[in-house]
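These are the residues of each chain, in order.
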Amino acid sequence: MRLRTAAATPSEQMSALPRASEVVVIGGGIAGAATAYYLAKAGVPVTLCEKGRIAGEQSSRNWGWIRKQGRDPRELPAIILALRLWEEIAGALDEDIGWHRGGVAYLAESAAELARYEAWLPHARAYQLDTRLLSPTETDALLGQDGRRFAGALFTASDARAEPARAVPALARAAAQSGAAIHEGCAVRTLEMQAGRVAGVVTERGPIACRAVVLAGGAWSALFLRHLGVELPQLNVKASVQRTGPVPLITQSAVGATRAAFRRRQDGGYTIARSGAVTFDLTPAAVRHFRAFLPALREKWGEIKLRLGRAFVDELTTSVSWAPDRPTPFERTRVLDSSPDHAVLDQVMRDAANLFPQLRGVRPVERWAGMIDVTPDEIPVLGPVDGIPGLLVATGFSGHGFGIGPAAGYLMAQLATGRAPSVDLHPFRFARFQQRDVTRYPEL
Ligand SMILES: Cc1cc2nc3c(=O)[nH]c(=O)nc-3n(C[C@H](O)[C@H](O)[C@H](O)COP(=O)(O)OP(=O)(O)OC[C@H]3O[C@@H](n4cnc5c(N)ncnc54)[C@H](O)[C@@H]3O)c2cc1C
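Note that the coordinates shown come from a computational prediction; the quantities given were computed from them, not determined experimentally.

S.K.: What am I meant to see in the overall build of the protein chain here?
M.R.: Scanning the protein chain from terminus to terminus reveals 14 helices and 21 strands. Rg of the C-alpha trace for the protein chain: 21 Å, near the compact-globule value of 22 Å for 444 residues, within the 12% margin. Across its three principal directions, the C-alpha atoms of the protein chain cover 70 × 45 × 45 Å. Relative to its full complement of 444 residues, the protein chain shows a buried share of 59%.

Following this line, the structure appears as structure tokens:
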């Protein structure tokens, strides 16, 4: 059972590559597609190059949660903007992307867990969010249970969901309708520089002259930057997911408990997985960035499956210097499509059935995995790169970039056209890693 993602196949696919564009976007995930969408809507000539398929990687493989709740407080202004943009996008697209404000609930199985959630409420109050604690009775009502199994829940009614595999290709199609050139199967190999600033990109299908480049390469951004001589501390972890066929409605809210989380799907099934149950392949990058990631590793040690295997050798033998007229690693792996961890998913299914009796006897019909790109402080990089004028980066969303993605694209479009971003991007600056100004908020 592996994921078959709906290819976007926008109309521009395989058409001639433009020789010049105001902005080139590298990567057709949510961040890249949203950047192209907002630039095209503003009338700015933009070309998006995607090495594989639009939303072939993380952006179609995620859970589809769009939440303010539980976020690192530094992300709150951007996610508040993102929810507004999601609402607008859902209304503007002529396709149903499964957008629904059904709320998000984090269930507490103990008083201690509930207290941990309660500690997040001051952040909600600072931004006048509708986040609140549910009592055990209210939690039962939300879940259609009556056993008072849970000590309560953290709940945000205005949080939402959408169908990742539909939403991102639809956004790319809308960008194309507004004039963006979208090219799938078109890896960007390197940048062209002139007079010390970005003057274009070299793709596998030829060069494109441009004034600005937005790198939204997800799990590949660090490799692209390393090739340019810039070190981004970014590691990739594998997360496994499964979906069921249609089952009776439990709740419209996306629901997370420690051992199992689920989200109602547009097709009447549930996407079911467990937060934090990830596999991490030890790689040379992990060794290089060990100190930076140590706090995160310490916190999640019990949940992470650590492996030393082929990935180490693969990365070790992947050169970061390549010629622009030769195939690059981006062309050798068009779509990152790792195998899901069936043992973890079997356990998640058992736990889900114990926690939510309505799921007893329900079987998964599809399983898949996605590679999540993570930074040491688990917030993204959004902004310019010192020393490479004209290059902007939107990456490192650390497992929660689907929700915030439209805002990332909106902000990148503002930066790429010389406008002031409507959200303070200081916490997301690239330079924080060199300045060793990296603070990590413990995950809820
Ligand atoms: C299992 C799982 C569950 C998740 N659940 C949620 C959730 O519920 N809510 C949430 O908000 N987030 C969630 N996330 C995280 C979210 O999916 C990601 O943060 C987000 O999709 C990242 O988007 P992106 O555009 O940065 O990267 P991606 O979607 O990975 O897209 C990057 C694209 O760039 C392309 N690319 C890279 N290099 C090049 C190159 N040189 N040339 C051309 N193309 C290139 C790649 O092929 C890829 O398609 C989850 C992630 C996973 C894996």
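S.K.: Sorry, what's going on with the packing of aromatic side chains here?
M.R.: On inspection of all chains with the given rule, the structure shows 13 aromatic pairs. Between the aromatic rings of Phe224 and Phe330, the centroid separation amounts to 5.9 Å while the plane-to-plane angle is 45°, which identifies the pairing as tilted. Of this pair, Phe224 sits in helix α8 (residues 221–227) while Phe330 is found in helix α12 (residues 329–332), placing the two residues 106 residues apart along the sequence. Residue Phe224 is classed as buried on the basis of its relative accessible area of 2%. With centroids separated by 4.8 Å and ring planes inclined at 85°, the aromatic side chains of Phe262 and Phe356 adopt a geometry described as edge-to-face. One end of the pair, Phe262, is in strand β15 (residues 261–264); the other, Phe356, is in the loop between α13 (342–355) and β19 (364–374), and 94 residues separate them in sequence.

S.K.: Looking at this structure, I do not really get the nonpolar core. What am I missing?
M.R.: Among soluble globular proteins, nonpolar side chains are generally buried collectively. Of all hydrophobic cores here, the largest spans 73 residues; its most connected members are Val23, Tyr37, Val46, Ile66, Trp86, Ile97 and Leu382. Not counting residues within four places of it along the chain, the set of residues in contact with Ile66 comprises Leu83, Trp86, Trp99, Asp159, Ala160, Arg161, Ala162, Phe402 and Gly403. If you look at the next biggest cluster of nonpolar residues, it comprises 31 residues, including Cys186, Ala187, Val198 and Trp322.

S.K.: What exactly am I supposed to notice about the sheet that holds strand β20 (residues 381–384) here?
M.R.: Strand order across the open sheet formed by 6 strands is β8-β2-β1-β12-β21-β20, with mixed pairing between neighbours. Each end of this open sheet is capped by a strand with a single partner; those strands are β8 (181–183) and β20. Averaged over all neighbouring strand pairs, the angle between strand axes comes to 15°, with direction disregarded. The pairing of strand β1 (residues 23–26) with strand β2 (residues 46–49) spans 4 bridges and is classified as parallel.

S.K.: When you look at the site of the ligand in this model, what are you seeing that I'm missing?
M.R.: Around the ligand, the structure places 36 residues, and the nearest of them are Glu50, Ser59, Trp65, Gly401 and Gly403. The contact in question runs from an oxygen atom of the ligand to an N or O atom on the side chain of Glu50, over 2.6 Å. Between Ser59 and the ligand, the recorded distance is 2.5 Å, taken from a side-chain N or O atom to an oxygen atom. Within the complex, 98% of the 1000 Å² of free accessible area of the ligand lies under protein. Elements with a minimum of two residues in the shell around the ligand: α1 (30–41), α2 (58–61), β13 (235–244), β19 and α14 (401–416).

S.K.: Where do I start with α14 in this structure?
M.R.: Since there are 3.6 residues in each turn of an α-helix, residues three or four apart along the chain are aligned in direction. Of all the bends in α14, the greatest, near 30°, is centred on Ala407. Backbone geometry just downstream of α14 places Gly418 in the positive-phi region, at approximately 75°.

S.K.: Looking at this structure, how should I read the side chain of Glu184?
M.R.: Residue placement: Glu184 occurs in the loop between β8 and β9 (188–194). Arg53 provides the closest opposite charge to the buried, salt-bridge-free Glu184, at an N-O distance of 6.1 Å. A polar contact of 2.6 Å, which involves the side chain of Glu184, links it to the backbone nitrogen of Ile54.

S.K.: Can you walk me through empty space enclosed by the protein in this structure?
M.R.: Left-over empty space is what a probe sized like a water molecule reveals as it rolls over the atoms. Per the stated rule, a full pass over the model turns up 1 cavity of 30 Å³ or more. There is about 40 Å³ of room inside the largest cavity. Lining of the largest cavity is provided by Glu57, Gln58, Arg61, Ala219, Leu336, Ala369, Gly370 and Met371. Among the secondary structure elements, those contributing two or more residues to the lining of the largest cavity are α2 and β19. Among the elements that take part in the lining of the largest cavity, β19 stands out by supplying 3 residues, more than any other.

Definitions and cut-offs
- Residues numbered from 1 in each chain as written.
- Predicted model: local features only at pLDDT ≥ 70, side-chain atom pairs only at ≥ 80, totals over all residues.
- Heavy atoms only, no water.
- Helix = DSSP H or I, 4+ residues; strand = E, 2+ residues; numbered from the N terminus.
- Rg over C-alpha atoms; globule rule 2.2 N^0.38 Å.
- Buried < 20%, exposed > 50% of the residue type's maximum accessible area, 1.4 Å probe, protein only.
- Phe/Tyr/Trp six-rings, centres within 6.5 Å; stacked < 30°, edge-to-face > 60°.
- Core = buried A, V, L, I, M, F, W, Y, C linked by side-chain atoms within 4.5 Å.
- Contact = heavy atoms within 4.5 Å.
- Pairing = 2+ DSSP bridges.
- Axes fitted to C-alpha atoms, helices over the stretch in contact; angles between N-to-C directions.
- Near = heavy atom within 4 Å.
- Polar contact = N/O pair within 3.5 Å; in protein donor to acceptor, adjacent residues only side chain to side chain.
- Areas by Shrake-Rupley, 256 points an atom, 1.4 Å probe, with all protein chains shown as cover.
- Bend = angle between axes of the 7 residues up to and from the residue.
- Lys, Arg positive; Asp, Glu negative; His and termini not counted.
- Salt bridge = Lys/Arg side-chain N within 4 Å of Asp/Glu carboxyl O.
- 1 Å grid on protein atoms, 1.4 Å probe; cavity = no way out; pocket = protein on both sides within 12 Å on 5 of 7 lines; lining within 4 Å.
- Points joined across faces, edges and corners; volume = space filled by probe spheres on them.

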